[in-house]
Amino acid sequence: MMMQLSGCILAGGRATRMQGQDKGLVLLGGIPLYQHSVKLLAPQTDDIFINANRNTQDYHATGLRVVADTLPDFPGPLAGMLAGLENALHDWVLFVPCDVPQFPADLAEKLWQQKGDALCAYACDHQRAHPAFALCHRSLITPLTEYLTGGDRKLLLFMDKIGAKAVTFDANPGDFINLNTLAECREWEKQHRLPHPAPLLAVTAYSGTGKTTLLKKLIPQLRESGLRIGLVKHTHHDMDVDTPGKDSYELRKAGAYQTLVVSQERFALMTETPGGAEPDLMQLAARFDTRELDLILVEGFKGESVPKIALFRDVTDRPYQTLLDEFVIAFASDKPRLDVTVPQLDINNITAIRDFIVSWLEHHP
């Protein structure tokens, strides 16, 4: 008889191939990638929690516990497993990575049945091992701590060292496939006919350059091109779309964390952000109904790792070079022939900027 199991989703890596995005929060079919793991893991375990080292508040939003690595500098999946073993509610913990949207529904059962006397069993298919899919006993805390503090990081080497049992699964197509890049996520969506999240494109500039003025002219032209546009606007001011004295305002101020105000013309979801933390752009974008959008424009958020068009006017007394980073795909200015390696556009030629965006979308993964 299988004992009670804790389930731990490993989402603590750097995700260097995801353009700086937290891999578990990257949208797949409009849903954060780690939530696909939650859906498959929940029926197989008695409680679930998440190992994450960034954006812990976003992972908390699901109501699940979040635990961070106890070792510094993102030392890899074994550090996440150590944190999972140290924080599990039960003696046995089933680990799965956050970047695999499909794995067997009998993962826990088969690992349990075939582990024998081993303190750990991990999954294989007929091609390769998948040691991040592992059922481990909490008594492994001490040997795993010693292994990591000794400087070792290799997951399979640790499995061999503790005599873990390799369990072979007759995997279905798609099982155990991890998604490491945004292009792989888009390809998965196509193959599995999942809705494609609308691309993000930020418009960044120094204050006073005229981002809002440009967007007011650009959005109608994009709509004339047949594109359905969403917009995220960042403001540094204290912002409230509701009015004191209105019923909705008073009810929200009574303590509701989220308030949905609805009329025949529109509706608005207001969410409190206590603590003054900067909102996470990816989680904001996840709130859009991307079935109705082709592109989400972002005003501001110049520090985010998303594609950007940088704006620069010659009257600005700051250097244009500081607006450039690896995510800038075009530079729009009223000063010709700047030393940039991306396409340079005329900031006053809205049609040319529109045409560039339309062309970029056609080639976007």
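Here the structure is a predicted model, which means the values were calculated and not measured.

### Considerations on the packing of aromatic side chains
Move 1: Evaluated as defined, the whole model comprises nine aromatic pairs.
Move 2: On the numbers, 5.0 Å between centres and 75° between planes, the contact of Phe-133 with Phe-176 is edge-to-face. Here Phe-133, found in strand E8 (residues 129-137), pairs with Phe-176, found in the loop between strand E9 (165-168) and helix H7 (182-191); they are 43 residues apart in sequence, far enough to count as distant.
Move 3: Site record: aromatic cluster; members linked through ring pairs are Phe-103, Phe-133, Phe-169 and Phe-176.
Move 4: The positively charged end of Arg-65 is found above the aromatic ring belonging to Phe-49, 4.5 Å away from the centroid.
Move 5: The ring centre of Phe-169 lies 4.9 Å from the NZ or CZ of Lys-110, which sits over that ring.

### Focus on the UniProt feature "binding site: GTP" (unreviewed entry) in the protein chain
Move 1: Following the UniProt record, the feature "binding site: GTP" (unreviewed entry) maps to Leu-10, Ala-11, Gly-12, Lys-23, Asn-51, Asp-69 and Asp-99 here. Those annotated residues from the list above that line the second largest pocket are Leu-10, Ala-11, Gly-12, Lys-23, Asn-51, Asp-69 and Asp-99.
Move 2: Since its relative accessible area comes to 5%, Ala-11 is described here as buried.
Move 3: The residues contacting Ala-11, other than those within four sequence positions of it, are Asp-22, Ile-50, Asn-51, Ala-52, Asn-53, Tyr-59 and Cys-98.

### Re the UniProt feature "binding site: Mg(2+)" (unreviewed entry) in the protein chain
Move 1: UniProt records the feature "binding site: Mg(2+)" (unreviewed entry) at Asp-99, using the numbering of this structure.
Move 2: Residue position: Asp-99 is located in the loop between strand E6 (92-97) and helix H4 (107-114).
Move 3: Accessibility expressed as a relative area gives 9% for Asp-99, which makes it buried.
Move 4: Once you skip the residues sitting within four places of it in the chain, Asp-99 turns out to touch Lys-23, Leu-33, Ile-177, Asn-178, Leu-179 and Asn-180.
Move 5: Within the local environment of Asp-99, its side chain forms a polar contact with the side chain of Lys-23, the two groups lying 2.9 Å apart.

Rules behind the numbers
- Residues numbered from 1 in each chain as written.
- Predicted model: local features only at pLDDT ≥ 70, side-chain atom pairs only at ≥ 80, totals over all residues.
- Heavy atoms only, no water.
- Phe/Tyr/Trp six-rings, centres within 6.5 Å; stacked < 30°, edge-to-face > 60°.
- Helix = DSSP H or I, 4+ residues; strand = E, 2+ residues; numbered from the N terminus.
- Lys NZ or Arg CZ within 6 Å of the ring centre and 35° of its normal.
- UniProt positions renumbered as here; feature names shortened; annotations may be inferred.
- 1 Å grid on protein atoms, 1.4 Å probe; cavity = no way out; pocket = protein on both sides within 12 Å on 5 of 7 lines; lining within 4 Å.
- Buried < 20%, exposed > 50% of the residue type's maximum accessible area, 1.4 Å probe, protein only.
- Contact = heavy atoms within 4.5 Å.
- Polar contact = N/O pair within 3.5 Å; in protein donor to acceptor, adjacent residues only side chain to side chain.

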